[in-house]
Amino acid sequence: MTEGRTTERRRVPRLPFARKIATKITMLVMAVCVFALALSFLGVIVIEAVHARAELLSKESALADTIAFNVAPAVIFDDPMAATTTLASLQADPQIRSAYLVTTDDRVFARYARTAPGDPRFGPKADVRRTIDEMRQDSTAIWRWGDDLEVVRPVTSDGTEIGQIVVISDVGIIHRKLSLILCGFMAIMVGAVLVAWLLASRMQHLVSAPLLHLSDIMRQVSRTKEYSLRAEVADNDEIGELITGFNTMLEQVEARDARLAAYREELERAVALRTLELSETNRKLHETVDELSLAKKSAEDASRAKSLFLANMSHEIR
């Protein structure tokens, strides 16, 4: 590793069960579609739930105010029967489960329950004051949800509070409405996923085609070592830059191979020329050796002839 330079390996995220780029693109498009739809559905559900609860709370509060106004005389004259009759009029609203009229001394003055025995929180041994305080807090809290919606309204006479009316409503209608929305959303999501899959399957080639073309060129170059091949650049995007970089790399490799071939040819010519020169020098050397051999032989023949001549002359003289 070069000093002063650090190399970091980043893990490339992979999609499970996806081997081809086309499959990966389709899966990504579908995942984004599902996520966007789920996020939108969550927003719709939250808004619809809050709106439905606020609407029900407003309706039941208005109804509780009306009941509180009507039962005030019964409390003043200590007439539980009249108050009970007034509360019984709430049976016209199927969402109301029960209602209770509580005096300032925390005594349940009158009650109405659609189904017996009513709410145990208003039983004989119940802490009515604590229950009313908790209900008042729950009715003003947006994110506190349960099976019931409690509304607590004061019963007044000449500006003086003489009791409280408690109306407990069933929020099942809200749950059923949200369930219908959920079923509709599931149907919409299934249809949207199918449409997204069709569109992604048809349009993924806009991204995958250039990459597959580049991959094909890479395989050809790797197999044939033909560096003159070039990949076609379709668009001036990131994939186009990738293809351009690959083509530039092929040009550099091709230019390098061309220089190496030129160097090799020049070297072969130099070797051939040097070989020719050495052959010519060797031929001349052989000729020189042959000439020297002939001269040596001639000298030896002359020497033998001289020796023979001298031997003959010496014999004649004796």
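Computed from a predicted model, the values in this text were never measured in an experiment.

*Asks:* Describe in detail the overall build of the protein, supporting the description with residues and values.
*Replies:* Summing up its helical and strand segments, the protein has 6 helices and 4 strands in all. Sequence-ordered secondary structure for the protein, helices as α and strands as β, is α-α-β-β-α-β-β-α-α-α. Taking 20 Å as the expected radius of gyration for a compact globule of 318 residues, we find that the protein reaches 54 Å, considerably beyond that expectation. Oriented by its inertia axes, the alpha-carbon framework of the protein measures out at about 195 × 40 × 35 Å. Considering only contacts within the protein whose residues lie at least 6 apart along the sequence, 58% involve residues at least 24 apart. Counting every atom, the protein has about 22700 Å² of accessible surface; 61% of that belongs to carbon and sulfur. Computed over 40 positive and 43 negative side-chain charges, the separation of the two mean positions in the protein equals 9 Å.

*Asks:* Help me get a handle on the sheet that holds strand S4 (residues 160–170), residues and values and all.
*Replies:* Strand pairing within a sheet occurs via backbone hydrogen bonds; the two strands may be parallel or antiparallel. Ordered in space as S2-S1-S4-S3, the 4 strands form an open sheet in which the pairing is antiparallel. The open sheet terminates on both sides in strands that have one partner only, identified here as strand S2 (108–113) and strand S3 (148–157). Each neighbouring strand pair of the sheet contributes to a mean axis angle of 15 degrees, computed without reference to strand direction. The strands touched by helix H1 (residues 21–76) within the sheet are strand S1 (96–103), S2, S3 and S4, with S3 carrying the most contacts at an inclination of about 35 degrees.

*Asks:* Let's hear about the pairing of S4: which residues, and what values?
*Replies:* Counting buried residues along S4, 8 of its 11 residues qualify, which places the element largely inside the surrounding structure. Here S1 runs beside S4; their pairing, made up of 7 bridges, is antiparallel. Along S4, the bridge assignment pairs Val102 with Gln164. Pairing between S3 and S4: 10 bridges, direction antiparallel. Its bridge partner lying in S4, Arg153 is registered against Ile165. Where S3 hands over to S4, the hairpin turn is made up of 2 residues, of which Asp158 adopts a positive phi near 55 degrees.

*Asks:* Quick rundown of the environment of Phe41? Include the residues and the values.
*Replies:* Inspection of the secondary structure puts Phe41 in helix H1. By relative accessible area, Phe41 is classed as buried at 16%. Placed 265 residues apart in sequence, Phe41 and Lys306 show a C-alpha to C-alpha distance of 131 Å. Once residues within four sequence positions are removed from consideration, Phe41 is found in contact with Ile181, Leu182 and Phe185.

*Asks:* If you had to explain a nonpolar patch on the surface to someone new, which residues and values would you point to?
*Replies:* Where nonpolar side chains cluster on the molecular surface, the patch consists of Val195, Leu199, Met203, Leu206 and Val207 and spans about 450 Å² of accessible area. When its relative accessible area of 36% is taken as the criterion, Val207 is described as partly exposed.

*Asks:* So what about H1? Which residues, and what values?
*Replies:* Compared with an ideal rise of 1.5 Å per residue, which puts 56 residues at 82 Å, H1 spans 81 Å between its outermost C-alpha atoms and is within 8% of the ideal. Along H1, the sharpest kink reaches roughly 35 degrees, centred on Asn70 and followed within four residues by the proline Pro73. Asp78 sits one or two positions beyond H1 and adopts a positive phi of about 55 degrees.

*Asks:* Got a sec to walk through the side chain of Glu60? Specific residues and values, please.
*Replies:* Its location among the elements puts Glu60 in helix H1. Here Glu60 is buried and forms no salt bridge, its nearest opposite-charge partner Lys59 lying at an N-O distance of 4.3 Å. Setting aside chain neighbours within four positions, we find Glu60 in contact with Asp93, Ile96, Val151, Val167 and Ser169.

The rules we used
Residues numbered from 1 in each chain as written. Predicted model: local features only at pLDDT ≥ 70, side-chain atom pairs only at ≥ 80, totals over all residues. Heavy atoms only, no water. Helix = DSSP H or I, 4+ residues; strand = E, 2+ residues; numbered from the N terminus. Rg over C-alpha atoms; globule rule 2.2 N^0.38 Å. Contact = heavy atoms within 4.5 Å. Areas by Shrake-Rupley, 256 points an atom, 1.4 Å probe, with all protein chains shown as cover. Lys, Arg positive; Asp, Glu negative; His and termini not counted. Charge placed at Lys NZ, Arg CZ, Asp CG, Glu CD. Pairing = 2+ DSSP bridges. Axes fitted to C-alpha atoms, helices over the stretch in contact; angles between N-to-C directions. Buried < 20%, exposed > 50% of the residue type's maximum accessible area, 1.4 Å probe, protein only. Patch = residues over 30% accessible without salt bridge, like charges linked within 9 Å, V, L, I, M, F, W, Y side chains within 5 Å. Salt bridge = Lys/Arg side-chain N within 4 Å of Asp/Glu carboxyl O. Expected span 1.5 Å × (residues − 1). Bend = angle between axes of the 7 residues up to and from the residue.

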